[in-house]
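Each chain, written out:
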Amino acid sequence: MTTAPAKIRKAVFPVAGLGTRFLPATKACPKEMLTVVDRPVIQHVVDEAKAAGIEHFVFVTGRNKGVIEDHFDSQFELERTLEDRGKTAELTVLREELPAAGQTSFTRQQAALGLGHAVWCARDIVGSEPFALLLPDMLHYSSRPCLASMMEAYGEVGGNLVAVSPVPEDQTQNYGIVDVEDAKAGVSEIKTMVEKPKPGTAPSNLHITGRYILQPEIFDILETQGPGAGNEIQLTDAMLRLLGRADQPFHSVRFDGELYDCGSKIGFLMANVAYGLAREGLGDELREEITKHLDKKSG
Ligand code: UTP
């Protein structure tokens, strides 16, 4: 009889990066707090984790990121003012989004040494259980939340999983790339992976989209992981070592929705357009305004 894989209760959100592509906006404001429509990017990603059944939210923060902690805390004065003014709808939104007491943890990555190092900083909080990892600047737009689909696959195959999606061949050098047994399958065994391969050397065009389910053994590997591409401690390098172990199944889960890289200006702007168009009570007006604007420009 096979036993079900251990439940994924915790999710890690690395938010300690410098956000240099968004300067000067990110000089004092974390890029994770930039808004897509009316919610900070990090809130969209926490919502995705909640929808997948995550119970504990672990944030790896850094300098100038204190406002992220404030965002997930209650604001007594604000709530009182909304109450006094009868702004019930706004109050409900604030209260519904607040994680329950004790459901969040915050730790610091004192120096931005790379994603792998940021994940390693969460080791004591995560402990010896498998966990989800979500990169907060990657928005996954889909009718079925990406992490929920991964959880389903995890129930079947267990072990480690990464969400993947194809990129144009001339962009593979910007991403973590995986080679899989069956590129067309929804869930497939991973053969190998590489972070930011040199142009023309990528083993496939499937890139890791920023959603992971990982076994806790990754922390021991990260402990001894040296710098890789860009002189940063890369998670992909550590995952490759994990993949080499006989006791660690590693699968890809194909993500077929829309991806928005909110760490880049174009991705962030397009996320605002897409999420705005999809928002009830806003989409129609936005569509009209965009059409008017484009007509004016081309007329
Ligand atoms: P990025 O490389 O996209 O983020 O890392 P960045 O370094 O903030 O952005 P740029 O390139 O300077 O504009 C992906 C995710 O990993 C986190 C980032 O916060 C982001 O969510 N990260 C990266 C860390 O937490 N620590 C690091 O040392 C590096």
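Everything numeric here is computed off the predicted structure, so don't read it as measured data.

Calculation criteria
Residues numbered from 1 in each chain as written. Predicted model: local features only at pLDDT ≥ 70, side-chain atom pairs only at ≥ 80, totals over all residues. Heavy atoms only, no water. Near = heavy atom within 4 Å. Polar contact = N/O pair within 3.5 Å; in protein donor to acceptor, adjacent residues only side chain to side chain. Areas by Shrake-Rupley, 256 points an atom, 1.4 Å probe, with all protein chains shown as cover. Nonpolar A, V, L, I, M, F, W, Y, C, P; charged D, E, K, R; others polar. Axes fitted to C-alpha atoms, helices over the stretch in contact; angles between N-to-C directions. Helix = DSSP H or I, 4+ residues; strand = E, 2+ residues; numbered from the N terminus. Parallel < 35°, antiparallel > 145°, perpendicular 65-115°, else oblique. Left-handed = near helix turned anticlockwise from the far one by under 90°. Contact = heavy atoms within 4.5 Å. Phe/Tyr/Trp six-rings, centres within 6.5 Å; stacked < 30°, edge-to-face > 60°. Buried < 20%, exposed > 50% of the residue type's maximum accessible area, 1.4 Å probe, protein only. Lys NZ or Arg CZ within 6 Å of the ring centre and 35° of its normal.

Caption draft 1: Focus on the site of the ligand. Residues in contact with the ligand amount to 18 residues; listed here are only the nearest, Gly-19, Thr-20, Arg-21, Gln-109 and Gly-114. A distance of 3.0 Å separates an oxygen atom of the ligand from a polar backbone atom of Pro-14. Between Gln-109 and the ligand, the recorded distance is 2.7 Å, taken from a side-chain N or O atom to a nitrogen atom. Burial of the ligand by the protein amounts to 84% of the accessible area it has alone, namely 570 Å². Residues of the shell around the ligand, tallied by class, amount to 9 nonpolar, 5 polar and 4 charged.

Caption draft 2: Inspection of the packing of helix 3 (residues 76–84) against helix 4 (residues 88–97) at higher detail. Interaxial distance between helix 3 and helix 4 falls to 9 Å at its minimum, and their mutual angle equals 150 degrees. Taken together, the axes of helix 3 and helix 4 lie roughly antiparallel to each other. The handedness of the crossing between helix 3 and helix 4 is left-handed. The segment helix 3 lies against helix 4, with Leu-78, Glu-79, Leu-82 and Glu-83 engaging Glu-90, Leu-91, Leu-94 and Arg-95. Considered class by class, the residues forming the contact of helix 3 with helix 4 number 4 nonpolar, no polar and 4 charged.

Caption draft 3: Representation of the packing of aromatic side chains in the model. Counted under the stated rule, the structure contains 8 aromatic pairs. Between Phe-22 and Phe-268, the aromatic rings sit 5.4 Å apart at their centres with planes inclined by 80 degrees, giving edge-to-face as the arrangement. Pair noted here: Phe-22 is in the loop between strand 1 (10–14) and strand 2 (35–36) and Phe-268 is in helix 10 (residues 265–278), with a separation of 246 residues, a long-range link. Under the relative-accessibility criterion, Phe-22 is labelled buried at 10%. Owing to a relative accessible area of 13%, Phe-268 belongs among the buried residues under this scheme. Aromatic side chains Phe-131 and Phe-219 sit 5.1 Å apart centroid to centroid with 15 degrees between the ring planes, which places their arrangement in the stacked category. Here Phe-131, found in strand 6 (residues 131–134), pairs with Phe-219, found in helix 8 (residues 217–223); they are 88 residues apart in sequence, far enough to count as distant. You'll find Phe-131 and Phe-219 in the same group, each marked buried. Among the aromatic residues, those joined into a cluster by ring pairs are Phe-13, Phe-57, Phe-59, Phe-72 and Phe-106. Its guanidinium or amino end placed over the ring of Trp-120, Arg-123 lies 3.7 Å from that ring's centre, counting from NZ or CZ.

Caption draft 4: Just the side chain of His-44, in detail. Inspection of the secondary structure puts His-44 in helix 1 (residues 41–51). Looking at His-44, its side chain comes within polar contact range of the main-chain oxygen of Val-36, at 3.1 Å. Leaving out residues up to four positions away in the same chain, His-44 has contacts with Val-36, Arg-39, Leu-139 and Tyr-275.

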